[in-house]
Amino acid sequence: RAAPAFCSTKPRACSGGSAIYPTGRRRWLPWRSSNPGRAEALALSIDNQFAQLLALNLVMRVVAESEPARTLALAIRAEDLAGSLAELADPDEATDTGEFEADSLAMIAQTVAAIDPGRGRDLADRAEAVARGIGDPYYQATQAGSLASLATVVARADPDRASALFDRAENAFLAIDDPAESAVGLAWVAWMEVRAGICLDRAPVLFDQAEQLAGSVSDPDDRIWVLGSLAIAVAGVAPNRGRDLYE
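Everything numeric here is computed off the predicted structure, so don't read it as measured data.

Quick notes on the rules
Residues numbered from 1 in each chain as written. Predicted model: local features only at pLDDT ≥ 70, side-chain atom pairs only at ≥ 80, totals over all residues. Heavy atoms only, no water. Core = buried A, V, L, I, M, F, W, Y, C linked by side-chain atoms within 4.5 Å. Buried < 20%, exposed > 50% of the residue type's maximum accessible area, 1.4 Å probe, protein only. Helix = DSSP H or I, 4+ residues; strand = E, 2+ residues; numbered from the N terminus. Contact = heavy atoms within 4.5 Å. pLDDT = per-residue confidence, 0-100. Expected span 1.5 Å × (residues − 1). Arc of directions from axis to C-beta. Salt bridge = Lys/Arg side-chain N within 4 Å of Asp/Glu carboxyl O. 1 Å grid on protein atoms, 1.4 Å probe; cavity = no way out; pocket = protein on both sides within 12 Å on 5 of 7 lines; lining within 4 Å. Points joined across faces, edges and corners; volume = space filled by probe spheres on them. Nonpolar A, V, L, I, M, F, W, Y, C, P; charged D, E, K, R; others polar. Axes fitted to C-alpha atoms, helices over the stretch in contact; angles between N-to-C directions. Parallel < 35°, antiparallel > 145°, perpendicular 65-115°, else oblique. Left-handed = near helix turned anticlockwise from the far one by under 90°. Polar contact = N/O pair within 3.5 Å; in protein donor to acceptor, adjacent residues only side chain to side chain.

### Section: the nonpolar core
Argument step 1. By size, the foremost hydrophobic cluster in this structure holds 68 residues, and its most contacted members are M60, I108, F166, F173, V189 and V226.
Argument step 2. When residues in this core are grouped by element, the largest group, 10 residues, is from helix α9 (residues 179–196).
Argument step 3. Beyond its immediate sequence surroundings of up to four residues, F166 is in contact with A148, A151, T152, V189, M192, E193, A196, I198, C199 and R202.

### So, unusual backbone geometry
The phi angle of most residues is negative, glycine excepted, and most peptide bonds adopt the trans form.
Argument step 1. Positive phi, close to 55 degrees, is recorded for C199, a residue that is not glycine.
Argument step 2. Mapped onto the elements, C199 comes out in the loop between α9 and α10 (203–214).

### Points about the confidence of the model for the chain
Argument step 1. The share of residues in the chain with pLDDT of 70 or more is 77%, and the mean pLDDT across the chain is 76.
Argument step 2. Model confidence for the chain, summarised as mean pLDDT per element, is weakest for helix α4 (residues 85–88) at 57 and strongest for helix α8 (residues 159–174) at 91.
Argument step 3. Throughout residues 11–33 the model reports pLDDT below 50, and contacts reaching past four residues in sequence, or to other chains, amount to 41 contacts.
Argument step 4. The low-confidence segment residues 91–95, where pLDDT is below 50, has 5 contacts with residues more than four positions distant or belonging to other chains.

### Considering helix α6 (residues 117–132)
Because an α-helix packs 3.6 residues into every turn, residues spaced three or four apart end up facing the same way.
Argument step 1. The end-to-end C-alpha distance of α6, which contains 16 residues, comes to 22 Å, matching closely the 22 Å that a straight helix rising 1.5 Å per residue would cover.
Argument step 2. Among all positions in α6, only G120, L123, A124, A127, E128, V130 and A131 are buried. For α6, the buried positions fall inside an angular range of 160 degrees around the axis, keeping them on one side.

### Quick notes on the pattern of salt bridges
Argument step 1. All chains considered together, the criterion is met by 9 salt bridges.
Argument step 2. Its salt-bridge partner being R126, residue E79 comes within 3.4 Å of it at the nearest N-O pair. Here R126 lies in helix α6 and E79 lies in helix α3 (residues 68–83), a separation of 47 residues in the sequence.
Argument step 3. Relative accessible area serves as the criterion here: at 16%, E79 is assigned to the buried category.
Argument step 4. For E193, the salt bridge goes to R202, with nearest N and O atoms at 3.7 Å.
Argument step 5. Accessibility expressed as a relative area gives 0% for E193, which makes it buried.
Argument step 6. On the basis of relative accessibility, which here comes to 23%, the residue R202 falls in the partly exposed class.
Argument step 7. When salt bridges that share partners are traced, they join D125, E128, R132 and R161 into one network.

### What about the layout of surface pockets?
Argument step 1. Taken as a whole, the largest pocket spans an internal volume of roughly 680 Å³.
Argument step 2. What lines the largest pocket is a set of 20 residues, and nearest its centre among them are Q110, A114, T152, V153 and R156.
Argument step 3. Contributions of two or more residues to the lining of the largest pocket are made by α5 (97–113), α6, α7 (140–154) and α9.
Argument step 4. Broken down by element, the residue count for the lining of the largest pocket peaks at 4 residues, all from α9.
Argument step 5. Taken together, the residues of the lining of the largest pocket sort by class into 12 nonpolar, 3 polar and 5 charged.

### Quick notes on the environment of R202
Argument step 1. Among the structural elements, R202 can be located in the loop between α9 and α10.
Argument step 2. For R202, the residues in contact, after removing those within four places along its chain, are S163, F166, D167, E170 and E193.

### Considerations on the packing of α6 against α8
Argument step 1. Closest axis-to-axis distance for the α6/α8 pair is 13 Å, and the angle between their directions is 25 degrees. Of the possible angle classes, the one that applies to α6 and α8 is roughly parallel. Judged by the twist between their axes, the crossing of α6 over α8 is left-handed. Contacts from A124, D125, E128 and R132 of α6 reach α8 at R161, L165 and R168.
Argument step 2. Taken together, the residues that form the contact of α6 with α8 break down as 2 nonpolar, no polar and 5 charged.

### A word on α9
Argument step 1. Look at α9: 25 Å from first C-alpha to last across 18 residues, which is about the 26 Å you get at 1.5 Å a residue.
Argument step 2. Most of α9 is tucked away: 14 of the 18 residues are buried.
Argument step 3. The backbone nitrogen of A180 lies 2.9 Å from a side-chain oxygen of the residue at the head of α9, namely D178.
Argument step 4. In the segment just after α9, G197 is the residue with positive phi, at about 75 degrees.

Structure representation (structure tokens):
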């Protein structure tokens, strides 16, 4: 499924009708509105609270620069939703609700940190604690992705902590048995390291490892997903290499 700046999870988790990404795509794009007030109203009108949370995060990103006060107010509502994810979870689905809470808090922290660094760090602390507590191996990729996203939040204020978070994310992706998940995760961690200005010497190594893992993916659909994801990630820092992967 798509994350704010990161996506490691296979398309199977992005299918319509899930708890997080329900069907009804016309109502699912409030952030495309040119009117922030209408976008916020559309987000708040979404009945599925998981979907509402993601929509709020995306609206926050749209208005963060122009309307910081509105962004912080939306963040409070989003935090409340994120904190209640365990109660909102569908009991018929085998989910580790920490995955959703950690991912959501990481998204909120990324946006809020640019407006209120202290609050952003507090949210990052909460998200890290939740991410570390995810025990279901099925969500290992999301746990690693959340840690990498958090590293970008704290990179400017605490480079050492960011480096440690990136290191944990790298190791988590390397430990995943599925080469497709592992390859895409490593590529996006490398991309985030470059964008954050942290661990720059590790990024080329991670891209190499990701390409090697991609070569071992046998399923045709997974291979298309992996190579496409790698091309996008690599192109962000090495356009020529990304173009070669795409072709």
